[in-house]
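Descriptive structure summary
Spelled out from the first residue to the last, the chains are:
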Amino acid sequence: MNPEPPITSDASKEATPQALRKQYESGATVDELVTVSGLSYGTVLNRLHDAGTVMRTSWQTRRMRQNPQARQRLAAHLRTLYEQHGATLTELAAAAGETRRGARRLLIEAGGTVRTTQQTLRMRATARAADRYKVALSLRARYEAGATVPELAREHSYSVATVYRLLHQAGTRMRPQHKHGPARDTRERP
């Protein structure tokens, strides 16, 4: 959806400052105006400035030419990732193929509010705690079904101490510990 500058047969009409400004403001770049008008780059710039044209940056031109619906969908997707999944601006930039600044701009366009670093850290810690509690509940179910702590530790690649801690966190009622080692002779010795 790239707007092309109108090409007319009369080069003098399109080379006036007002005509160049109109084409520029409709989305044409300075390079495109140079090609169409046959003027030098500096002359086109001077005529645009004479007409009082507010110049754009290259990213503003790209944004202007983008499909607006696709941009809105991307912005909404980034907002969802940011607000519901705790993504950072760096992660949004990677997902969108943008810079951090571009991702931030898209987030704001979608109505999102940028978090502080502390807010992001708290949000992620809460999410990790919720995930850990789910693991603790699944360990509890397996333990109550008869699995031993060492078996659970091997299955989940956790240490035995971590499994005990997670079972305790899930409120598991622990079975009595077994005494390991040589059997004791319960007979009395003379």
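Further up the page is the structure itself.
Scope of this entry: the structure provided in the associated data block. Residue numbers run consecutively from 1 along every chain, following the written order of its sequence. Owing to the predicted nature of the model, reporting of local features is limited to residues with pLDDT of at least 70; listing and counting of side-chain atom pairs is limited to 80 or more, with chain, interface and lining totals taken over all residues. Computation of side-chain values: all heavy atoms of the structure, hydrogens and water removed.

Describing helix H2 (residues 17–25)
Buried, partly exposed and exposed residues are distinguished by accessible area as a fraction of the type maximum, computed with a 1.4 Å probe on protein chains only: under 20%, between the cut-offs, and over 50%, respectively. Runs of E in the DSSP output that reach at least two residues are strands. Runs of H or I that reach at least four are helices, and both are numbered from the N terminus. Those residues of H2 that sit buried are Leu20, Gln23 and Tyr24. Within H2, the buried residues cover an arc of 100 degrees as seen down the axis, which keeps them to one side. Opposite its buried face, H2 presents the exposed residues Gln18 and Lys22, each directed more than 90 degrees away. Looking one or two places after H2, you find Gly27, whose phi comes out positive at around 120 degrees. Working note: the arc is built from the helix axis to C-beta atom directions.

Regarding the packing of helix H6 (residues 68–84) against helix H7 (residues 89–96)
Contact pair H6 / H7: the axes reach a minimum separation of 10 Å and the direction vectors enclose 145 degrees. Judged by the twist between their axes, the crossing of H6 over H7 is right-handed. Mapping the contact onto sequence places Leu74, Leu78, Leu81 and Tyr82 in H6 and Leu89, Leu92, Ala95 and Ala96 in H7. Here, axes are lines fitted to C-alpha atoms. For helices the fit covers the stretch in contact, and angles between N-to-C directions go from 0 to 180 degrees. Each crossing gets its handedness from the near helix: less than a right angle anticlockwise from the far helix is left-handed, clockwise is right-handed. Contacts: residue pairs with any heavy atoms within 4.5 Å of one another.

Describing the packing of aromatic side chains
Two aromatic rings, drawn from Phe, Tyr or Trp (for Trp, its six-membered ring), form a pair once their centres lie within 6.5 Å of each other, and the interplanar angle then sorts them: stacked below 30 degrees, edge-to-face above 60, tilted otherwise. Enumeration according to the criterion identifies 0 aromatic pairs in this entry. The ring of Tyr82 is capped by Arg115, whose NZ or CZ atom sits 3.7 Å from the centre of that ring. A cation sits over an aromatic face here: Arg175 above Tyr143, 4.0 Å from the ring centre. Whether a charge sits over a ring depends on NZ of Lys or CZ of Arg being within 6 Å of the ring centre and within 35 degrees of the ring normal.

Observations regarding the pattern of salt bridges
The working definition used for a salt bridge is a side-chain nitrogen of Lys or Arg within 4 Å of a carboxyl oxygen of Asp or Glu. Applying the stated criterion across every chain, the model contains 6 salt bridges. The salt bridge involving Glu83 is made with Arg79; its shortest N-O contact spans 3.0 Å. Residue Glu83 and its partner Arg79 are located together in helix H6, separated by 4 residues, close to a single helical turn. Judged by its relative accessible area of 35%, Glu83 falls in the partly exposed class. On the basis of relative accessible area, Arg79 is assigned to the partly exposed category, the value being 28%.

Structural measurements only, silent on function.
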